[in-house]
Amino acid sequence: MPQRSEIKRILNQVFEAILPIMAVPVALIIGALILLLLRANPGVAFSALVQGAVGSTFSVTQTLVKATPLLLVGLGITIAFRGGVINIGGEGQIIVGALSATALALSFSQWPGVVLLPLCLLVGTLSGALWGAVPGVLKARLGVNEILSTIMMNAIALQLSNYLLRGPMIDPAEIEAGTRIAQSALLPRQVWLPRLVPQTLLHAGSILAVVMAILVYIFLWRTTIGYRIRAVGLNPRAARYAGIPVPIYQALAITLGGAFAGLAGAVEVMGVQRRMLEGLSGGYGFSGIVAALFGNLHPLGTVPASVLFGGLLVGADKMQRAVQVPSAFVDTLMGLIVLFVVSSRIWAVRRARRRETYE
Amino acid sequence: MKSVLSRLLMLVVLVALLLSACAPAATPAPTQAPEKPLRVAIVMPSSITDMAFSQGMYEAWVKVQQEMGGPSKLEIAYSENMFKVPDAAAAIRDYASQGYDIVIAHGSQYGTSLAQIAPEFPNTTFAWGTTTDTFADQGIKNVFAYNPAAEQGGYVLGTIAALMSKTGVLGVCGPVEAGDAKTYVDGFKYGAEQARPGVKVQVTYTGSFSDVSLMAAAAETHIAAGADMLTGSSQSVVGAIGVAKEKGAKWFGQQWDQTSLAPDIVVANQVYDYTGIIKDMIAKRKAGTLGGVAYTLTLENGGLTIKYNDRVPVPPEIKAKADEVIKGIIDGTIKPLP
Amino acid sequence: MNDLFTIPVILGIIYSGLRLATPYLYASIGEAFVQNSGVYNLGVDGIMLMGAFSGFYVGMKTGNLWWGLLAAMGVGLLMGLLMAVVSVTLKAEQGISGIGLYMFGLGLSSLLFKKTMTGVESISGFQPVRIPLLGNIPYLGDVLFNHNLLVYGAFLLVPLASFILYKTPFGLMIRAVGQNPQAADTLGINVDRIRYITVSLGGMLAGIAGASLSISLINLFQENMTSGMGFIAIALVYFGSWRPWGIMGGALLFSFVNALQLWLQVLGVNFPYDFAVMLPYAMTILALAISVRRAAMPDALGKPFERGEF
């Protein structure tokens, strides 16, 4: 009966999609036990978590604000992973993207927004790509492992940012006031990304990120270059026999990964902070990896995955305030959730395999 | 398939049950106390036990709370380790919308967000630092600003260190050359050079506020290069204090009283004391002023204090010199920065 | 600049460099065992933090540093075991589970610290032990042979690990499992068991790495006191091409350059310190780029083993 197997197939897919979400409650139960040990009420805590993530217009927008960089970084991670390279350099690429967008906006603050705004986004993207291209080329030409080089590039980007923000790019007002905070001047108004809901931080960058997700999907599945990147990631040996220059495509994959992280940095600076400051990357380079893997390394899957993960992060902060537990509890809980979600995938894989043997 | 669905359902029900079981009877009914406590919320970039920036602010509120008569008079909520600015911004807004009377944004990086939030909650008092900007030029009236003049204590400690040093070499373990870390270091260096011409002040930065291990190596390097008096700034200096203790070098604390970490080597500390401005803000709020004042913590107004450690005696003539310097800074005859 | 090549400076660099390298050595060599068996564990930093806390706490409460060390080893082992369950038995994606383990360790160590202690406290850690005869060599005796036991232990671990990996049947099994688990399986090697052993061992060594900070080098615990050292340790495994001696080379290069850049600052060399701080990171990439050797990556690295999968 073909129809029935069709339904079964869809149900299976639905099940696989919601499986990671199912693992979250299990982690929450352990979290509840820890909360009890901390003498906090898990009920209050978790209702605060949900409320903090989706309880009001503001919290929904906050979740989306958080999801935006996660999604953009996650897209870059997805491309890199699909090409068989692991990009841990998201943090550095975000910083570089944000720095260069800021530098451009401040140097040409007289230019009209229609030119300057897209240019800033572009330059942020390009410099992120450049920061990704260094490990890419090092891997392709000299066989330097990308995990090593991207971790090192993160530290280099951080120091570069420290240098620029305390010296050449520091807000002149900070020197005048003698407070010397390491941050740039406020960006000119015309490069601020428009806010979508008044009195919230939700900005147009979120829409841009979703558009990018669709573009990445088309790129990976509908273009030759995308196909080759995936082929290289899937089986480098076979790709080589098929005449694909593997190192070049790996370098390309990590460069594109850097481009998206760089864009995330530019968007974060132009949409949320409106100036470059320390700690802007905020760990998105790492949590973006988690978002991408939650999304099954599929660009469209990364969209809901980053919203889910963003919501968890935002809700967890609210929980910290509601029951006044140390912030470390949030990290612990996040770690548990990640561990449980990633472990739960075995059931999906087992089911898929069982199905294959039946068919 | 059936088994999967039923399992799924079971789990959902289980979780729902669990959540609702421990959910409280809605929101806890607000028990009307005879007098409503003043409610304050603090948002901080590091931990309340960091022995530096955040602990100073948190403990000051706790102290004021004790003086006022406990949690029934002053209620304190806090969010720590909010080093990601958007998270901090969400926390600030959330506290304000929950009706906290005073919300402290304890990090200069929170300023841009605060300028957007403060106008939406005109009845809430906000305070932020370290800065001198109350956003008055943007028409915002409910923001206080505070800024420690870290160079003042730096100058005093530099004077003491230079005069006490046997080798004539001082080591400064800095994190990132910015904010009060920079002004403190600049003051320390200048003070030392003024007190003892020819003294050598070595300055290192680790490029991080949290790298304890590199901070320890920095202290080792200073000591190997001849320094016998060390100081530093940020929460990562605990690493340097550990090394100083091991090697018998003396230490000068900054931001917070670090004596307890190494009672045998800490000579003196510059301590940020926010209690004065806290009390003033509370009083101003009671009088109807919700913001607009930029406080500077100075030696003069008691926002900065030099705290000696009795177990490491400072020779009386040096102490006298330090007092003289403090007096000079207060009356303006000594400028703590070049 | 001329001041740089004086004896005290060089001795100072060696002394600080050896101390800086100690935690990296424990963590990286542990990770080398893990990766040689075909698993990679990105959660090293989280395990180090748990090791640092438990070592410090138990050492402080019992007044015996050896109990502290033992506790750090035990906790590290348990964290490794958790990683093994997730990555070997449940076959989870290893990169992401490692990040999960990192967050868990980062959070839990701070949480325990907050709940059991009122603030940062310091203890008296392992004292330096001067090695007889060698310790009396002029100049070098002080910087090479006057360290505490955990520093010596880190460097003794290198030949030991190299011996185990390359000269014992157990090491052969580890590498076989990492190169070709299917073939190893057909030879009767229990792939999962080997991986359980290596991942737990890696966890234990990461625990010691953490303890080396909290009870032997810095002698206190602070939240997130490793500040990302575990990730550098992982990078060093790649630097060393999965070989203990190569890893030691990487750890020493990184640490010596770090010690050097501090000296550059102390001597007042006139350029922005930020670039000095960058130096060890840039040098590490550069060193790997110019040494023309293809890394011998274990073929099965990161791939869960499934029986009968060809």
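Owing to the predicted nature of the structure, the values given are computational and were not obtained by experimental measurement.

The rules we used
- Residues numbered from 1 in each chain as written.
- Chains lettered and ligands numbered in written order.
- Predicted model: local features only at pLDDT ≥ 70, side-chain atom pairs only at ≥ 80, totals over all residues.
- Heavy atoms only, no water.
- Pairing = 2+ DSSP bridges.
- Helix = DSSP H or I, 4+ residues; strand = E, 2+ residues; numbered from the N terminus.
- Axes fitted to C-alpha atoms, helices over the stretch in contact; angles between N-to-C directions.
- Domains from an automatic or database assignment.
- Contact = heavy atoms within 4.5 Å.
- Buried area = accessible area lost by both parts, 1.4 Å probe.
- Bend = angle between axes of the 7 residues up to and from the residue.
- Buried < 20%, exposed > 50% of the residue type's maximum accessible area, 1.4 Å probe, protein only.
- Salt bridge = Lys/Arg side-chain N within 4 Å of Asp/Glu carboxyl O.
- Phe/Tyr/Trp six-rings, centres within 6.5 Å; stacked < 30°, edge-to-face > 60°.
- Lys NZ or Arg CZ within 6 Å of the ring centre and 35° of its normal.
- Patch = residues over 30% accessible without salt bridge, like charges linked within 9 Å, V, L, I, M, F, W, Y side chains within 5 Å.
- Areas by Shrake-Rupley, 256 points an atom, 1.4 Å probe, with all protein chains shown as cover.
- Polar contact = N/O pair within 3.5 Å; in protein donor to acceptor, adjacent residues only side chain to side chain.
- Parallel < 35°, antiparallel > 145°, perpendicular 65-115°, else oblique.
- Left-handed = near helix turned anticlockwise from the far one by under 90°.
- Nonpolar A, V, L, I, M, F, W, Y, C, P; charged D, E, K, R; others polar.
- Right-handed = clockwise from strand over helix to strand, strands pointing away.
- Lys, Arg positive; Asp, Glu negative; His and termini not counted.
- Core = buried A, V, L, I, M, F, W, Y, C linked by side-chain atoms within 4.5 Å.

### Re the sheet that holds strand S8 (residues 229-232) of chain B
Residues and elements named next belong to chain B. Spatially, the 6 strands line up as an open sheet ordered S7-S6-S8-S9-S10-S12, and their pairing is mixed. Two strands close off the open sheet at either side, each with one partner strand: strand S7 (200-205) and strand S12 (304-308). Taken over all neighbouring pairs, the strand axes of this sheet differ in orientation by 15° on average, direction set aside. Sheet topology places strand S9 (residues 250-255) next to strand S10 (residues 266-272); 5 bridges connect them, and they run parallel.

### Section: the domain arrangement of chain B
Residue and element names in this part refer to chain B. By the assigned domains, chain B splits into domain 1 (38-148 + 274-297) and domain 2 (150-265 + 312-331). Taken over C-alpha atoms, the centre of domain 1 sits 29 Å from the centre of domain 2. Taken together, the contacts link 9 residues of domain 1 with 8 residues of domain 2. Interface area for domain 1 against domain 2, summed over the two sides, is near 850 Å², with a carbon-plus-sulfur share of 64%.

### Brief notes about helix H1 (residues 7-36) of chain C
All names here are of chain C. Of all the bends in H1, the largest measures some 35° and sits at Thr22, one to four residues before the proline Pro23. Extensive coverage of H1 is indicated by the burial of 27 of its 30 residues. Downstream of H1 by one or two residues, Gly38 has phi in the positive range, about 95°.

### Here we look at the pattern of salt bridges
Applying the stated criterion to the full structure yields 22 salt bridges over all chains. Here Glu177 of chain B and Lys182 of chain B are joined by a salt bridge, their closest N and O atoms 3.2 Å apart. Like Lys182 of chain B, Glu177 of chain B is buried. With a closest N to O distance of 2.7 Å, Glu220 of chain B and Arg19 of chain C form a salt bridge. Remark: Arg19 of chain C occurs in helix H1 and Glu220 of chain B occurs in helix H7 (residues 212-224); the pair is interchain, linking two chains. The same class applies to Glu220 of chain B and to Arg19 of chain C, which are both buried.

### What to know about the packing of aromatic side chains
If you walk through the whole model with that rule in mind, you get 22 aromatic pairs over all chains. Judged by centre distance (5.2 Å) and plane angle (80°), the ring pair of Tyr95 of chain B and Tyr100 of chain B falls under edge-to-face. You'll find Tyr95 of chain B and Tyr100 of chain B in the same group, each marked buried. Aromatic pair Tyr272 of chain B and Tyr274 of chain B: ring centres 6.3 Å apart, planes at 90°, arrangement edge-to-face. Summarising the burial analysis for this pair, Tyr272 of chain B and Tyr274 of chain B share the class buried. The structure contains a cluster of three or more aromatic residues connected by ring pairs, namely Phe53, Tyr57, Phe113 and Phe221 of chain C. Looking at Arg39 of chain B, its charged tip hangs above the ring of Tyr100 of chain B, at a distance of 4.1 Å from the centre. Against the face of Tyr308 of chain B rests Lys319 of chain B, its NZ or CZ located 4.3 Å from the ring centre.

### Section: a nonpolar patch on the surface
All names here are of chain A. On the surface, a nonpolar cluster with roughly 630 Å² of combined accessible area is contributed by Leu196, Ile207, Val210, Val211, Ile214, Leu215, Ile218 and Leu300. Structurally, Leu215 is set in helix H8 (residues 205-222). Taking relative accessible area as the criterion, Leu215 reaches 44% and is therefore assigned partly exposed.

### Let's talk about the interface of chain C and chain A
It is common to report an interface's size as the accessible area lost on association of the parts. On the chain A side, the residues contacting the 46 residues of chain C number 43 residues. Note on chain C versus chain A: buried area summed over both sides is about 4000 Å², and carbon and sulfur give 79% of it. For the chain C face of the interface with chain A, the top three residues by lost area are Ile96, Leu111 and Ile285 of chain C, together amounting to 16%. For the pair chain C and chain A, the number of links is 1 salt bridge. The residue Asp274 of chain C makes a salt bridge to Arg166 of chain A at a minimum N-O spacing of 2.4 Å. Remark: the boundary between chain C and chain A carries 4 residue pairs in polar contact (both at pLDDT 80 or more). Among the secondary structure elements, those contributing two or more residues to the side of chain C that touches chain A are helix H3 (65-89), helix H4 (94-116), helix H10 (229-239) and helix H12 (273-290) of chain C.

### Topic: the packing of helix H2 (residues 53-68) of chain B against helix H9 (residues 275-286) of chain B
Geometrically, a packed helix pair is captured by the angle between its two axes and the distance between the axes. Residues and elements named next belong to chain B. It is at 9 Å that the axes of H2 and H9 come closest, and there the two elements cross at 55°. Taken together, the axis directions place H2 and H9 in an arrangement best described as oblique. Note on packing geometry: the crossing formed by H2 with H9 is right-handed. Residues Met57, Ala60, Trp61, Lys63, Val64, Glu67 and Met68 of H2 lie in contact with H9, whose contacting residues are Thr275, Ile278, Lys279, Met281 and Ile282. Residues that form the contact of H2 with H9 fall into these classes: 8 nonpolar, 1 polar and 3 charged.

### Looking at unusual backbone geometry
Thr130 of chain B follows Gly129 of chain B through a cis peptide bond whose omega is 10°. Relative to the elements of secondary structure, Thr130 of chain B occurs in the loop between strand S4 (125-129) and strand S5 (143-148). Backbone geometry at Asn224 of chain C places phi at a positive 50°, although glycine is not the residue there. Tracing the backbone through its elements, the reader meets Asn224 of chain C in the loop between helix H9 (191-217) and H10. Judged by its relative accessible area of 25%, Asn224 of chain C falls in the partly exposed class.

### Side note on the pairing of S8 of chain B
Successive residues of a regular strand alternate their side chains across the two faces of the sheet. Residue and element names in this part refer to chain B. Here S8 shows no split at all, with Met229 and Thr231 on one side and Leu230 and Gly232 on the other all buried. In terms of strand pairing, strand S6 (residues 169-174) meets S8 through 4 bridges, oriented parallel. Each bridged residue has a counterpart across the sheet, and for Leu170 the counterpart in S8 is Met229. Pairing analysis gives 3 bridges linking S8 to S9, with the strands arranged parallel. By the bridge assignment, Leu230 is partnered in S9 with Trp251. With helix H8 (residues 237-247) bridging S8 and the parallel S9, this β-α-β connection has right-handed handedness.

### Topic: the interface of chain A and chain B
Listed per partner, the contact involves 47 residues of chain A and 49 residues of chain B. Between chain A and chain B lies a buried interface of about 4000 Å² when both sides are counted; carbon and sulfur atoms form 60% of it. On the surface where chain A and chain B come into contact, there are 4 salt bridges. Between Asp94 of chain B and Lys318 of chain A there is a salt bridge, with its nearest N and O atoms 3.0 Å apart. Here chain A and chain B share 13 residue pairs in polar contact (both at pLDDT 80 or more) between them. Those elements giving two or more residues to the side of chain A that touches chain B turn out to be helix H1 (2-37), helix H2 (42-54), helix H3 (57-82), helix H6 (146-166), helix H11 (246-273) and helix H13 (299-323) of chain A. Among the elements that take part in the side of chain A that touches chain B, H1 of chain A stands out by supplying 6 residues, more than any other. Along the lines of polarity and charge, the residues of the side of chain A that touches chain B split into 19 nonpolar, 16 polar and 12 charged.

### Description of the side chain of Glu174 of chain A
All names here are of chain A. Within the element layout of this structure, Glu174 appears in helix H7 (residues 172-177). The buried charged residue Glu174 lacks any salt bridge partner; its closest oppositely charged side chain belongs to Arg275, at an N-O distance of 5.3 Å. At 2.9 Å, the side chain of Glu174 forms a polar contact with the backbone nitrogen of Ile181. With residues up to four places along the chain from it excluded, the contact list for Glu174 reads Thr179, Arg180, Ile181 and Gln183.

### Brief notes about the nonpolar core
Formed by 291 residues in total, the largest nonpolar core has its most connected members in Met270 of chain A together with Trp61, Ile104, Ile160 and Tyr274 of chain B. With 13 residues, the single largest contributor to this core is H1 of chain C. Each of domain 1 (38-148 + 274-297) and domain 2 (150-265 + 312-331) of chain B gives at least three residues to this core. Setting aside chain neighbours within four positions, we find Trp61 of chain B in contact with Val40, Ile42, Leu74, Ile76, Ile102, Ile104, Ile278, Met281 and Ile282 of chain B. Among the nonpolar cores identified, the runner-up in size contains 30 residues, and Leu201 of chain A together with Ala89, Ile92 and Phe121 of chain B belong to it.

### Description of the sheet that holds S4 of chain B
Residue and element names in this part refer to chain B. Reading across the sheet, the 6 strands line up as S2-S1-S3-S4-S5-S11 and stay open at both edges, with parallel pairing between neighbours. Strands with a single pairing partner mark the edges of an open sheet, and in this sheet they are strand S2 (74-79) and strand S11 (294-297). Strand-to-strand twist in this sheet, taken as the mean axis angle between neighbours without regard to direction, amounts to 20°. Judged from the 4 bridges that link them, S5 and S11 form a sheet pairing that is parallel. The partner of Pro148 across the bridge, within S11, is Leu297.

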